[in-house]
Structure formats: C-alpha cells, structure tokens
Amino acid sequence: MKKLMNAADDLVDEALAGMTAAHGDLLRVIEPNVVVRVDAPRQGKVGVISGGGSGHEPMHGGFVGTGMLDAACPGAVFTSPVPDQMLAATKAVDGGAGVLHIVKNYTGDIMNFELAAELAQSEGIEITSVVIADDVAVQDSLYTAGRRGVGGTVLAEKIVGAAAEEGQDLAAVTALCQRVQDNVRSMGMALTSCTVPAAGKPTFEIGDDEMEVGVGIHGEPGRERRKLGSADEITEALLTPILDDLPFSSGDRVLAFVNGMGGTPLIELYIVYNKVAAMCAERGVTIERNLVGSYITSLEMAGCSITLLKLDDEMTRLWDAPVHTAALRWGA
Amino acid sequence: MSDFDAAALRRFVELFADRIHERRDELTQLDSAIGDADHGINMDRGFNAARGKLAELDGSDLGATAKAVGMTLISTVGGASGPLYGTLFLRLGTAFGDRTAVAAGELGQALRAALDGVRQRGKAELDDKTMVDAMSPAVDAYEATSGDGIGAALDAAATAAAGGRDRITPLVARKGRASYLGERAANHQDPGATSTTILFESLRDAVAAG
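The structure displayed is predicted, hence computed values, not measured ones.

### With respect to the domain arrangement of chain A
All names here are of chain A.
Moving on, step 1. By the assigned domains, chain A splits into domain 1 (12-183 + 319-330) and domain 2 (184-318).
Moving on, step 2. Between domain 1 and domain 2, the residue contacts involve 28 residues of the former and 36 residues of the latter.
Moving on, step 3. For the side of domain 1 that touches domain 2, the elements supplying multiple residues, two or more each, are α4 (152-165), α5 (170-182) and α8 (313-320).
Moving on, step 4. Its residues assigned to classes, the side of domain 1 that touches domain 2 comprises 16 nonpolar, 7 polar and 5 charged.

Written out as structure tokens, the structure reads:
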C-alpha cells in the first residue's frame, strides 16, 4: 500500500483538519467530526445535512457552504457515520425551520440516520429524511437492500441546497429532494480496485484485461466482471440501462453527470462524456446542463459512473443558483 | 452453574473484544469478498471502546453495564454493525433491568429480546444471509437446553451459531452490502454471521471461566 498518509487511524481527522485550514472561510469542524457551514445556524432557514463514509471526497464535506449542504458527517473510510455525528450536525444547523437528512441507501447509513432522527425529534427538532437510491445496477426488490445511493446524491445536494438557501420551507425542500430522487438514475464501473487504508491491501484483485461493471462507491465488487472494452463500449454498457430504466425519452431535458471514481484522469472522463452526448442526441434527449469531474469517489479507484437527471424548470433554475463550497463554486 | 452476573458480562465483553481483535483481519477479509472490507476494523474499534467504557464503570448492575456497552457501540462502530450490535446489548440491558444476576431462563429471555431487537433494527429474516442466521438458531438452542443450566445452554447456543453461519454460506444475500452482488455472494462465508458466532463462543467460554 502506497498512500500519502501518516497513520491509518489518523487519516480522517487529519484530512478534516486540512479542510479546516484550507477552507476556514466556508466551514468549521465540530466534535464529533462534523463539517459545519461557517455561518450555521441560519435563523429561519431549513438545514440540509448529509453524511456517509469517508473516502468519497469531495462528497460530502466538500459540498458544505453557501447554497448546498449546511453540514456533513464523515464516518471512517467507507463506514457510515454514527448517530452522535448526525445529532450534533442537526443541532448545529437547526435555525428553527427543521432539518432535512439526505441519506444514501445503504443499510448502515439508514440505521444510523434513523437513530439520529429519533434522538433529534425527541429534542424537539423537526426532521425529514429522503433516501437517495439511484443505482440501476441493483434491482430494487425484496431480495436486495434496494438500489444504492450514488451519483444522484451530488445533484440532489446541490439542487436541494439551493432551494433551502432561497428560503423554501421544510415540506417544499423535502418534496423537491424526493422529486430529484424519482428522476435520477446512475450506473458505475471500475477498472481497478482500491485499498482501504486500515485494511492495507486492495479490496479485490482484477486482471489487466478485466473490468467490474455495476460497482457502487466502496471499492466493492460489482454485479459482474467482464472483459475490458473501449470507452465507447463501456459508456454504452452504463448509459443504456440508465436510459431504459426511468425511461428517458425523446424530448426530455437532462443534466448529464460523468463522474470519476478517484483514479481516472479528466481526459478519460471527457471521452466518456463525448459518447454520452452522442447517445443522448440519438435518443432525442437534450443535455441542458452537465457536470464532468470526480465528485463522488472510491479512494483511488479508476473508473467512472454516469448519472442522468430529468430536469424541470425549477430544478434547472436551482442547479444554476449560486453555490460556494470547496468542490463546487459558481455565481457566488 | 451459578447465575449470570455483571462480572460474567464483563468477562464476556472483554473476551469477545480480545477475539475480535485477534481475528480482525479474518473478518475484514471475509467482508472484502462480499462487502466493503471494514467489518473487522469497525468491530475492533467499537469493542475496544466498549472495553474502555467497562473500565470506567464499577457497578455490579447487570442491566446498566449491558446498556453502557450498547451505547458505546452505537457511538463508535458506525456502518450497519454499530446499530445492530448496539441494539443487541441495549436490549440485553433492558431485559436485565436492575438485577445483579439472572438465572438460566431469564438469560434466555434476554437473548430472545436481543434477537428481536436486531431483527427489528435490520429488518432481516432467516436466510437473508446476515448475523440473524447465526443468532436465531443460537437463541433457539439456548431455550431448548436452558433447563440443563446456563453452561450447557450456552454450549448448545455456540454450536448452533456456528451451524447457522456455515449453513448460509452457499446462499445469495438478501440484505446488506452483499445483496448488491447477486449470485456472486453465493458460496462466501458471511462476515456478520461469523462475528456473531464468535460472540456466542465468547459468551460460552466467559461463563465457563467464571
């Protein structure tokens, strides 16, 4: 294992200290490891928080700031945070208008957020939760834990954060988040595994001529292993199930998000985006907005995910609204 | 065999913490195959914290001791294991109440309450390929033999847990991270059922050592 680190046990704490040093104008870190917007709580504003394991940077801490998240709870690497963190985050951002929890659909995240919501409600804070479950590689059935929350989470946090920033109430912000969830689909693939620092070796072995298709964001194996294909073939293998699932059809306006898994250079992501644009054009789907870059990652894993969100006028307007965070900034 | 008291509970938690620490890499390895490679790491962190918490407590209150362990796990483990193992110990604590020791039958009722708590929290049923598949037969076996005393019943429970762990290895998972793998999760030993088996073995051995 080769990593820029001092000790595996200190990794998350030291990274958070570094974020504070770099972005003290945007955020602060409070006990027990919660990244909070520097001006929280804002009276009368709905609080929006999220959280999850570390190792997905810039998600979620990199999205704390004006027009996006009020707080983020980073757990250990690939491990959901504990309820104490979400409770502390909720209290730190509650401006009297309630707090929305954006939760990615993983068994541990669901349970820990549920426990935190119960504790916060018992202290008189109004809580709503929306579960993001956008990964079409997983069948949503009685026989799985349901679809994973992946790339759609980034888009939900941006759009919902903008709605809270402009003063929408908890019910409206919650309904909007659910609407994003209902209209977003993703799928990912991996060229390499990644190494959880405390484990010290790659989570899985993979040959030079192989790829994992249908991966989540935790360096875990995907739905199946295939022979490595060209960028166009890979893009087709990811985008076709996405297009067919919602389905996205001719006349739809979308936000197309091509995401790197952490170890893939931007030049390769643009090759993928090029094919995404061509396939959408063939189907008569208009890409009205896009995002290309590594925003929800699996440590140093090489690979990508593709996310499509079917836009409406309000979502487009809120996507364009000013945002100022460590990882996303425009208009502010 | 004497009753199960706070000293036995402490020995149990400390022995389990030792064994989790010794087998941390094995558990993480099992989790790498069908999960996200953190089970041993998270359990070791949590039970090390629970051991520290026990050192701060000096009471002989069985229920309060179990609850303190549960709260510590919920606050330190994270993932799915934190709420699940935390709930297990919280429910034991609630069932023990303010007693300083329980007899074989009462320990069985507490274990049954803990199993119900784990099922409710994780919404898992038998054959979903989770810790429930080790815990459920263990509790059944305990109840069936509790008339023979705590030692004999815990011996039967540990054997049944291991049997449950091995029985589900061929199955496809229906809950937790392993469920995303579909057929690929079949023929892999489940990490949660493995740690739960270690839990029952530790309980048996801690009581036998008393």
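Following the structure, the description resumes.
### Comments concerning the nonpolar core
Across soluble globular proteins, nonpolar side chains have a tendency to be buried as a group.
Moving on, step 1. The biggest cluster of nonpolar side chains holds 169 residues, and the ones touching the most others in it are Ala-71 and Val-160 of chain A together with Ala-157 of chain B.
Moving on, step 2. The residues that make up this core include at least three from each of domain 1 (12-183 + 319-330) and domain 2 (184-318) of chain A.
Moving on, step 3. Beyond its immediate stretch of four places on either side in the chain, Ala-71 of chain A contacts Val-34, Val-35, Val-36, Arg-37, Ala-40, Ile-49, Val-64, Ala-89, Ala-92 and Val-93 of chain A.
Moving on, step 4. Listed in part, the 8 residues of the second largest apolar core include Val-77, Phe-78 and Ala-198 of chain A together with Ala-37 of chain B.

### So, the interface of chain A and chain B
Moving on, step 1. Each partner contributes residues to the interface: chain A has 30 residues there, and chain B has 27 residues.
Moving on, step 2. Where the side of chain A that touches chain B is concerned, the elements lending two or more residues are β5 (71-77), α2 (83-93) and α3 (107-122) of chain A.
Moving on, step 3. The biggest single contributor to the side of chain A that touches chain B is α3 of chain A, with 5 residues.
Moving on, step 4. Each residue belonging to the side of chain A that touches chain B can be placed in one class, and the counts come to 15 nonpolar, 11 polar and 4 charged.

### Concerning the packing of helix α5 (residues 81-96) of chain B against helix α6 (residues 104-122) of chain B
All names here are of chain B.
Moving on, step 1. Two elements in contact, α5 and α6, have axes separated by 8 Å at closest approach and are oriented at 145°. The handedness of the crossing between α5 and α6 comes out as right-handed. Across the interface between the two elements, Pro-83, Leu-84, Thr-87, Leu-88, Leu-90, Arg-91, Leu-92, Thr-94, Ala-95 and Phe-96 of α5 pack against Gln-109, Ala-110, Ala-113, Ala-114, Gly-117, Val-118, Arg-121 and Gly-122 of α6.
Moving on, step 2. Grouping the amino acids of the contact of α5 with α6 by side-chain chemistry returns 11 nonpolar, 5 polar and 2 charged.

### Some thoughts on the sheet that holds strand β14 (residues 323-325) of chain A
Residue and element names in this part refer to chain A.
Moving on, step 1. Strands sit in the order β4-β14-β15 across an open sheet of 3 strands; the sheet is antiparallel. Of all strands in the sheet, those with a lone pairing partner are β4 (65-66) and β15 (329-330), marking the two edges.
Moving on, step 2. Relative to β15, β14 runs antiparallel, the two sharing 2 bridges. Counted as the bridge partner of His-324 is Arg-329 from β15.

### Remarks on the pairing of strand β1 (residues 27-30) of chain A
All names here are of chain A.
Moving on, step 1. Both β1 and strand β2 (residues 34-37) contribute to a ladder of 4 bridges, which runs antiparallel. The residue bridging Arg-28 from the neighbouring strand is Val-36, located in β2.
Moving on, step 2. Turn length for the β1-β2 hairpin, with the two strands adjacent in sequence and antiparallel, is 3 residues, and the turn residue Asn-33 shows positive phi of about 60°.

### Let's talk about α3 of chain A
Moving on, step 1. The terminal C-alpha atoms of α3 of chain A, which comprises 16 residues, lie 23 Å apart, in line with the 22 Å expected from a rise of 1.5 Å per residue.
Moving on, step 2. Positioned one or two residues after α3 of chain A, Gly-124 of chain A has a phi angle of 90°, which is positive.

What counts, and where the lines are drawn
- Residues numbered from 1 in each chain as written.
- Chains lettered and ligands numbered in written order.
- Predicted model: local features only at pLDDT ≥ 70, side-chain atom pairs only at ≥ 80, totals over all residues.
- Domains from an automatic or database assignment.
- Contact = placed C-beta atoms within 7 Å.
- Helix = DSSP H or I, 4+ residues; strand = E, 2+ residues; numbered from the N terminus.
- Nonpolar A, V, L, I, M, F, W, Y, C, P; charged D, E, K, R; others polar.
- Core = buried A, V, L, I, M, F, W, Y, C linked by C-beta atoms within 7 Å.
- Buried ≥ 20, exposed ≤ 12 C-beta atoms within 10 Å, placed from the backbone.
- Axes fitted to C-alpha atoms, helices over the stretch in contact; angles between N-to-C directions.
- Left-handed = near helix turned anticlockwise from the far one by under 90°.
- Pairing = 2+ DSSP bridges.
- Expected span 1.5 Å × (residues − 1).

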